[in-house]
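Structure assessment
Spelled out, the chains give:
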Amino acid sequence: MAVVSACATLLAISARPSALQDPRSPAAAPQPDVQELHFDGEVTRGQSFTRDIGHNLFFRLTPATSDEGGGWVIEILPPVEPARDSGDAADDAKPAGDAVEFAAIVTPPYHAYNDRYIAAAFGYSAREALGSPVRKFNFVQSVDDEQRASEVVNAELYPSTIGEADKPRIAAEAAALTLGTGQLRIVKSRITSGKAGAPDVIASLKFEVVLNFASGLTLQQVLAPHPPAPKR
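Computed from a predicted model, the values in this text were never measured in an experiment.

1. Here we look at the overall build of the chain
Each helix and strand counted, the chain has five helices and 10 strands in total. Within the chain, the fraction of its 232 residues that count as buried is 41%. Looking at the chain alone, contacts between residues at least 24 apart form 65% of all its contacts between residues at least 6 apart. Within the structure as shown, the chain displays about 12,100 Å² of accessible surface, and the carbon and sulfur contribution to it stands at 51%.

2. A short note on the sheet that holds strand E8 (residues 134-139)
The strand order E1-E10-E9-E8 describes an open sheet built from four strands, whose pairing is antiparallel. Edge strands, defined here as strands with exactly one partner in the open sheet, are strand E1 (36-44) and E8. This sheet shows a mean twist of 20° between the axes of neighbouring strands, independent of strand direction. Alignment of E1 against strand E10 (residues 201-212), held across nine bridges, turns out to be antiparallel. Looking at E10, one finds that His38 is bridged to Val210.

3. So, the pattern of salt bridges
Throughout the structure, instances matching the rule amount to eight salt bridges. Note that Asp145 and Arg148 form a salt bridge whose closest N and O atoms lie 2.6 Å from each other. Of this pair, Asp145 and Arg148 both sit in helix H3 (residues 143-157), separated by three residues, roughly a single helical turn. When its relative accessible area of 27% is taken as the criterion, Arg148 is described as partly exposed. Through salt bridges that share partners, Asp145, Arg148 and Glu173 make up one connected network.

4. Considerations on the sheet that holds strand E7 (residues 117-119)
Within the open sheet, the four strands sit side by side as E2-E3-E4-E7. Their pairing is antiparallel. The outermost strands of the open sheet, each flanked by one partner alone, are strand E2 (49-54) and E7. On average, each strand axis in the sheet is inclined to that of its neighbour by 20°, with strand direction left out of account. When E2 meets strand E3 (residues 57-63), the two strands line up antiparallel, connected through five bridges. Within the sheet, the bridge partner assigned to Phe49 lies in E3 and is Leu61.

5. With respect to the pairing of E10
Of all 12 residues making up E10, nine are buried, and the element is well covered by its neighbours. Pairing of strand E9 (residues 180-192) with E10, which is carried by 11 bridges, proceeds in the antiparallel orientation. Note on E10: the bridge partner recorded for Lys188 is Lys206.

6. Observations concerning the environment of Gly194
Within the secondary structure, Gly194 is located in the loop between E9 and E10. For the pair Gly194 and Gly69, spaced 125 residues apart in the sequence, the C-alpha separation amounts to 8.8 Å. Non-local contacts of Gly194, meaning those with residues more than four positions away in its chain, are made with Pro199 and Asp200.

7. Brief notes about the nonpolar core
One finds Phe59 and Leu61 to be the most contacted residues of the largest nonpolar core, which totals 47 residues. It is E10 that provides the largest number of residues to this core, a total of five residues. Not counting residues up to four positions away in its chain, the partners in contact with Leu61 are Val43, Gln47, Ser48, Phe49, Trp72, Val73, Ile74, Ile118, Leu184 and Phe207.

8. Observations regarding the packing of aromatic side chains
The tally for this structure, following the rule as stated, stands at nine aromatic pairs. An angle of 45° between the planes, with centres 5.6 Å apart, marks the rings of Tyr113 and Tyr117 as tilted. A relative accessible area of 3% places Tyr117 in the buried class. The interplanar angle of 85° and the centroid separation of 6.1 Å between the aromatic rings of Tyr113 and Phe122 together place this pair among those described as edge-to-face. Taken together, Phe39, Phe49, Phe59 and Phe207 form an aromatic cluster joined through their ring pairs.

Procedures and definitions
- Residues numbered from 1 in each chain as written.
- Predicted model: local features only at pLDDT ≥ 70, side-chain atom pairs only at ≥ 80, totals over all residues.
- Heavy atoms only, no water.
- Helix = DSSP H or I, 4+ residues; strand = E, 2+ residues; numbered from the N terminus.
- Buried < 20%, exposed > 50% of the residue type's maximum accessible area, 1.4 Å probe, protein only.
- Contact = heavy atoms within 4.5 Å.
- Areas by Shrake-Rupley, 256 points an atom, 1.4 Å probe, with all protein chains shown as cover.
- Pairing = 2+ DSSP bridges.
- Axes fitted to C-alpha atoms, helices over the stretch in contact; angles between N-to-C directions.
- Salt bridge = Lys/Arg side-chain N within 4 Å of Asp/Glu carboxyl O.
- Core = buried A, V, L, I, M, F, W, Y, C linked by side-chain atoms within 4.5 Å.
- Phe/Tyr/Trp six-rings, centres within 6.5 Å; stacked < 30°, edge-to-face > 60°.

Written as structure tokens, this is what we have:
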């Protein structure tokens, strides 16, 4: 997918580490599906935060690996069945290490800093990255929807690649594809000052998250939030 791949090239993120909690522990029991989910968390530099959010999905803050001051990228991931050893009795799913990601494709602006990033990147310093305490993002909720969204977004960004016969179908896909929405609010943060010319670093975050799985928002509204007035 051109959009997601290009964004990943601009800001490299670390290989997705394992969840903070053992998925077999009682604290990591599967999250029941709810329309709106609230939770909070805390993360320190280089550490990921992973949470089962129900709906066969996981929320994750993935550490950024850029050398501009650290931080995290908000991701929504599908699960994958873990490989089992002969003595492993657990069959819980956990986030896929190489799974397609569900927020990047429907959270513009593309190829630029957007609300998925709580990171010193794209020319933002650590302090600038924390200047806005609220991050708002969107996400699809299945692999099929991610593929449909990818086709729609790439058609929007690169219209010359789409034939006239395909345009009505793609427009209909955009109008029919409903999204989940999320908001992360930074409650507290800490920055470590750089020394000897090194950049300041985002050292830790405390945060609250609200996810809405039935927002009614469509991809069409995301890509064209203010449709032009009809011609007279």
